[in-house]
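A closer look at the structure
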Amino acid sequence: MRQRRGTDRIRVRRDRGVDLVPVGPTRTCVGCRNRAPAASLLRFVAAGSGVDLRLLPDPSRRLSGRGAHLHPDPACFAQAERRRAFGRALRLTGVADTELLAEHIRSVSVPHGPTDDEASAPRHDPAR
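Residues numbered from 1 in each chain as written. Predicted model: local features only at pLDDT ≥ 70, side-chain atom pairs only at ≥ 80, totals over all residues. Heavy atoms only, no water.

Moving on to the sheet that holds strand S7 (residues 67-70). Adjacent strands of a sheet pair through backbone hydrogen bonds, lying either parallel or antiparallel. The sheet built from three strands is open, its strands ordered S6-S5-S7 with antiparallel pairing. Every other strand in the sheet has two partners, leaving strand S6 (54-57) and S7 as the edge strands with one partner each. Adjacent strand axes in the sheet meet at a mean angle of 35° when their direction is disregarded. Here four bridges tie strand S5 (residues 42-47) to S7, and the two strands are oriented antiparallel to one another. Paired with Arg43 across the two strands is His69, which belongs to S7. Across the sheet, helix H3 (residues 99-108) touches S5, S6 and S7, and the angle it forms with S6 is around 30°. (Pairing = 2+ DSSP bridges. Helix = DSSP H or I, 4+ residues; strand = E, 2+ residues; numbered from the N terminus. Axes fitted to C-alpha atoms, helices over the stretch in contact; angles between N-to-C directions. Contact = heavy atoms within 4.5 Å.)

Let's shift gears to the pairing of S6. Inspection of the sheet shows S5 paired to S6 by four bridges, in the antiparallel sense. Considered in S6, the bridge of Phe44 is made with Pro57. Taking the residues between adjacent antiparallel strands as the criterion, S5 and S6 are bridged by six residues, where Gly48 takes a positive phi near 90°.

Encoded structure:
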């Protein structure tokens, strides 16, 4: 089977005189279903069988087996869980334990709110 030309490229606007920009392979996030460069997505694989089926994060992209991709964002993970996308993406017949994958995503995601760090807290003197 011949590979189609341009499958690993993201299209950009033509009005700037640029047709296609090669960025490497693109993959689809199983959570939000948006296409993104594979380097910005987290690959995961299923390990074990039967009752011991687990989803393992594969940040180095070296584990064997069928892999799927997900943005390292808790919102995409929650959306994939809600849609039951993990089993379909990996062609699984059973229900996989997602705890290791969830823990990895929580550890690598950046918090989007105020922190308890004193250095980032604004200094306000109520006497002024």
